[in-house]
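# Descriptive structure summary
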Amino acid sequence: MIFDMDIETLPREELEALQLKRLQTQCERVYANVAFYRRAFDEAGIKPADIKSLADLRYLPFTEKQDLRNHYPFGLFAVPKDNVVRVHASSGTTGRATVVGYTQRDINIWGRLVARCFAAAGATRRDIIHVAYGYGLFTGGLGAHYGAEELGAITVPVSGGGTRRQAMLLKDFGATVLCCTPSYSLVLYETALEAGIDFKELPLRVGVFGAEPWTDEMRRDIETKMGIKAIDIYGLSEVMGPGVGIECAEAQAGAHLMEDHFLCEVIDPVTKEPVAPGEAGELVITTLTKEAQPVIRYRTRDITRLVYTPCKCGRTFARMQRVHGRSDDMLIIRGVNVFPSQIESILLETEGLTPHYQLVVRRDGNLDTLTVQVEVDEKLFSDEIKNLQRLEGKIQKNIKEFLGVTAQVKLVEPRAIQRSEGKAKRILDLRNE
Ligand SMILES: [Zn+2]
């Protein structure tokens with residue numbers, strides 16, 4: 001079902017005309033109201049009135065996560081504080097938290113966009129939506145919550161944690177849609193099985209999973225185990241929260257970006273120039289309607305490519321190819337760039353391995369070393385040691401062959417890797433310890 005039929009199927013030309021109008025208004029607003037942007041525009045030698053076409057976007061200054069930190073907490077608001085009704089913030093594990101503000105209109109639009117997402121995932125007002133994203137300063141829980149209510153579904157605000165209880169509630173309430181990180185869905189699934197609850201026997205039919213990169217191999221694993229359709233939702237708090245984009249259930253081939261509210265481009269992260277259409281690079285987002293805290297050319301650090309070919313669902317919004325990784329998460333091991341998602345693909349193509357893995361990076365003298373720890377399933381675990389060793393060698397060879405990096409592979413027993421209730425911790429970087 002297409003929630004906002006007129007907008008989501010708008011012909012490209014009309015969509016771009018709308019984007020340009022909104023971009024011009026947005027630039028005028030930030031220039032007039034946010035000292036940081038006025039200075040950045042002036043330094044770049046551009047005035048809002050110079051924006052005559054969408055191609056002029058490339059002359060606008062970028063916004064980095066650090067800019068949000070530098071103006072902690074409310075320095076980037078474009079409206080008086082009285083008009084702000086909500087703030088969210090990142091966890092701030094490294095440095096200051098990044099704070100984002102919303103007006104009532106921002107909140108309403110957010111709810112609307114997430115409702116679009118649920119509809120694209122195949123949900124309707126007749127569904128029961130179990131929201132296991134954390135509620136609080138993190139945007140995941142409340143973002144999904146308002147969208148589910150806007151859709152008109154029964155919304156179950158479970159939040160994160162209490163996994164065993166979650167499994168019971170899923171069963172008792174008969175939830176049909178589950179929202180959480182893909183890695184947590186697997187934790188929930190395992191815990192439920194231990195309690196004698198098999199997802200396949202529940203009415204659960206759709207998973208709306210996001211907030212961390214995951215691969216198609218992991219999707220297949222989840223879909224097979226749980227008997228559901230697993231849909232990738234995209235978002236980030238700096239531009240709104242979840243709901244910036246979502247895959248449609250029909251194609252499951254890249255998240256349709258909500259282009260009437262977000263102007264998206266892909267740049268080369270090194271030269272910062274736009275890449276040729278269809279090429280991979282870093283996704284950069286300009287908010288077109290955000291009132292409280294708009295961002296101009298926000299560097300997401302997510303590496304992807306945009307696809308503009310028509311989709312079988314009928315939506316005209318561009319699709320971003322599954323996030324390949326974050327430039328922040330990219331490991332450089334002896335000069336070779338490696339994303340955790342690339343390792344994940346190789347692991348999950350190997351029979352007997354589970355999607356629970358961790359990459360440990362150490363420094364040995366002047367050299368970085370990478371160890372891949374991955375859990376095996378029960379069946380493989382009871383196999384002979386020499387067979388396990390042979391498998392380790394085989395995976396090691398595949399990683400070397402496909403990614404060009406030497407890694408130590410260590411198969412570990414089921415449940416040996418620590419589970420997370422939110423985003424999985426895929427990388428353990430011990431180089432500075
Ligand atoms: Zn589609």
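Throughout what follows, the structure given in this document is the object of discussion. (Residues numbered from 1 in each chain as written. Predicted model: local features only at pLDDT ≥ 70, side-chain atom pairs only at ≥ 80, totals over all residues. Heavy atoms only, no water.)

Let's shift gears to the sheet that holds strand S20 (residues 407–412). Taken in spatial order, the four strands make up an open sheet running S20-S19-S18-S21, and their pairing is mixed. Either end of the sheet is taken by a strand with one partner, and the two such strands are S20 and strand S21 (427–429). Sheet twist, expressed as the average angle between the axes of neighbouring strands with direction ignored, equals 20°. Across six bridges, the pairing between strand S19 (residues 367–376) and S20 is parallel. Across the sheet, Gln-373 pairs through a bridge with Lys-410, a residue of S20. (Pairing = 2+ DSSP bridges. Helix = DSSP H or I, 4+ residues; strand = E, 2+ residues; numbered from the N terminus. Axes fitted to C-alpha atoms, helices over the stretch in contact; angles between N-to-C directions.)

Under the definition given, this model contains one cavity of 30 Å³ or more. Put simply, the largest cavity is a space of about 80 Å³. What lines the largest cavity is simply Asp-106, Ile-109, Leu-113, Val-239, Met-240, His-261, Phe-262, Thr-287, Thr-289 and Lys-290. It is helix H5 (residues 104–120) that provides the largest number of residues to the lining of the largest cavity, a total of three residues. (1 Å grid on protein atoms, 1.4 Å probe; cavity = no way out; pocket = protein on both sides within 12 Å on 5 of 7 lines; lining within 4 Å. Points joined across faces, edges and corners; volume = space filled by probe spheres on them.)

The angle between the axes and the distance between the axes are what describe a pair of packed helices. In the contact formed by helix H2 (residues 12–33) and helix H3 (residues 35–44), the axes pass within 5 Å of each other and the chain directions differ by 110°. Comparing their axes, H3 and H2 come out roughly perpendicular. Contacts from Cys-27, Val-30, Tyr-31, Ala-32 and Asn-33 of H2 reach H3 at Ala-35, Tyr-37, Arg-38, Phe-41 and Asp-42. Class assignment of the residues belonging to the contact of H2 with H3 gives a composition of seven nonpolar, one polar and two charged. (Parallel < 35°, antiparallel > 145°, perpendicular 65-115°, else oblique. Contact = heavy atoms within 4.5 Å. Nonpolar A, V, L, I, M, F, W, Y, C, P; charged D, E, K, R; others polar.)

Taken together, Cys-248 (SG), His-256 (NE2), Cys-311 (SG) and Cys-313 (SG) make up the full set of protein donors to the zinc ion, lying 2.1 to 2.3 Å away. Seen from the zinc ion, its four donor atoms lie at angles of 101 to 115°, and the figure they make is tetrahedral. If you list the donors of the zinc ion from N- to C-terminus, the spacing comes out as C-x7-H-x54-C-x1-C. For the pair shown, Cys-248 and His-256 are each scored as buried. (Donors = N, O, S within 2.8 Å, 3.2 Å for Na, K, Ca; no water. Tetrahedral: all angles 85-135°; square planar, octahedral: opposite > 155°, others 65-115°. Buried < 20%, exposed > 50% of the residue type's maximum accessible area, 1.4 Å probe, protein only.)

This part covers the packing of helix H7 (residues 163–173) against helix H8 (residues 182–194). Remark: H7 packs on H8, axes separated minimally by 9 Å, with the N-to-C direction vectors making an angle of 80°. By the angle class used here, H7 and H8 are roughly perpendicular. Packed against H7, whose contacting residues are Thr-163, Arg-164, Gln-166, Ala-167 and Leu-170, the element H8 presents Tyr-184, Val-187, Leu-188, Thr-191 and Ala-192 at the interface. In the contact of H7 with H8, the residues fall into six nonpolar, three polar and one charged.

The next point concerns the environment of Leu-170. Looking at where Leu-170 falls in the secondary structure, it is placed in helix H7. Residue classification places Leu-170 among the buried residues on the basis of a relative accessible area of 1%. Here the alpha-carbon distance between Leu-170 and Ile-197, two residues 27 residues apart in the chain, equals 9.5 Å. What Leu-170 contacts, discounting residues up to four positions off in sequence, is His-130, Ala-175, Leu-188, Phe-199 and Leu-204.

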